[in-house]
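One letter stands for each residue in the lines below.
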Amino acid sequence: MSTTLFEETQRFRQDWLWALLVVGTLPAFVLVVVVLVEDAGGLTPALYPTLAGVVLLMWGPLLGFYKAALVTDVRADGLYLKLFPVHLSVRHVPCEAITTIERESFSPLGDYGGIGVRHNPTFYRWGVSFEKPKAYIASGGEGVRIDRADARPLLVGTQRPQELHAALERACDT
């Protein structure tokens, strides 16, 4: 295992995001519970397993989202990315594939349509194009754009863009 030059773990903790998730889940949860209790003729012990299942199905994904994290590592042989739980294995961008590295400011919603792994398609009259950079965004509006020889560009959002940029330059000698 090579030496780690940069390591960052970002989590999805934006207040607006959690407000949307809770506001979107809570009314549906209340409605389902009210309908179940009403259909059963009241809250009875026989209804408890069903209610437990409803709680798991409706609030479980929020727990998974709470645990989600974008892990960015730079080692001597390149960049390593993992967005848990979307990626079960690490994504590696070897130094040989990197042509240029630049710091970049961006709007997660305006430029990439949100947070997470963003494939950023462009729709046009004859179909869909994926020429814009693929982006890994957990928060903020700062990142590092990596142009690659064999694939489309990659944007990695970070809270420490200067450190990530310097580590990639040090590792890949670009």
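Being a predicted model, the structure only gives us computed values, none of them experimental. (Residues numbered from 1 in each chain as written. Predicted model: local features only at pLDDT ≥ 70, side-chain atom pairs only at ≥ 80, totals over all residues. Heavy atoms only, no water.)

S.K.: Summarise the pairing of strand β4 (residues 91-94); cite the residues concerned and give the values.
M.R.: Pairing analysis gives 4 bridges linking strand β3 (residues 78-84) to β4, with the strands arranged antiparallel. Note that in β4 the partner of L81 across the bridge is R91. Hairpin connection between β3 and β4: a loop of 6 residues separates the two successive antiparallel strands. (Pairing = 2+ DSSP bridges. Helix = DSSP H or I, 4+ residues; strand = E, 2+ residues; numbered from the N terminus.)

S.K.: A description of the pattern of salt bridges should follow, citing residues and the corresponding values.
M.R.: A pair can form between side chains of opposite charge whenever their charged atoms are brought close. Per the stated rule, a full pass over the model turns up 3 salt bridges. Put simply, R75 and D73 hold a salt bridge, and the shortest N to O gap is 3.5 Å. Of the two residues, R75 and D73, neither departs from the other in class, the shared state being buried. E163 is the partner of R160 in a salt bridge, and the nearest nitrogen-oxygen pair spans 3.1 Å. (Salt bridge = Lys/Arg side-chain N within 4 Å of Asp/Glu carboxyl O. Buried < 20%, exposed > 50% of the residue type's maximum accessible area, 1.4 Å probe, protein only.)

S.K.: Kindly report on the sheet that holds strand β9 (residues 134-137), identifying the contributing residues and their values.
M.R.: Ordered by their spatial adjacency, 5 strands build an open sheet running β5-β10-β11-β9-β6, and the pairing between neighbours is mixed. Each end of this open sheet is capped by a strand with a single partner; those strands are β5 (98-105) and β6 (116-118). Neighbouring strand axes in the sheet, compared pairwise and without regard to direction, differ in orientation by 15° on average. By the bridge criterion, 3 bridges tie β6 to β9 in an arrangement that is antiparallel. Across the sheet, V117 pairs through a bridge with Y136, a residue of β9. On the sheet, helix α4 (residues 161-172) packs against β5, β10 (142-148) and β11 (154-157) and is oriented at approximately 170° with respect to β5. (Axes fitted to C-alpha atoms, helices over the stretch in contact; angles between N-to-C directions. Contact = heavy atoms within 4.5 Å.)

S.K.: Could you give an account of the side chain of Q14, with specific residues and numbers?
M.R.: Mapped onto the secondary structure, Q14 falls in the loop between β1 (4-11) and α1 (15-39). Overall, the relative accessible area of 14% leaves Q14 in the buried class. Apart from the residues lying within four places of it in its own chain, the contact partners of Q14 are I115, A138 and S139.

S.K.: Can you break down the sheet that holds β3 residue by residue, with the values?
M.R.: Two modes of strand pairing occur in sheets, parallel and antiparallel, and in both the strands are linked by backbone hydrogen bonds. Taking strand neighbours across the sheet as the criterion, the 4 strands line up as β1-β2-β3-β4 in an open arrangement whose pairing is antiparallel. The open sheet terminates on both sides in strands that have one partner only, identified here as β1 and β4. Shown here is a sheet whose adjacent strand axes are inclined to one another by a mean of 10°, direction ignored.

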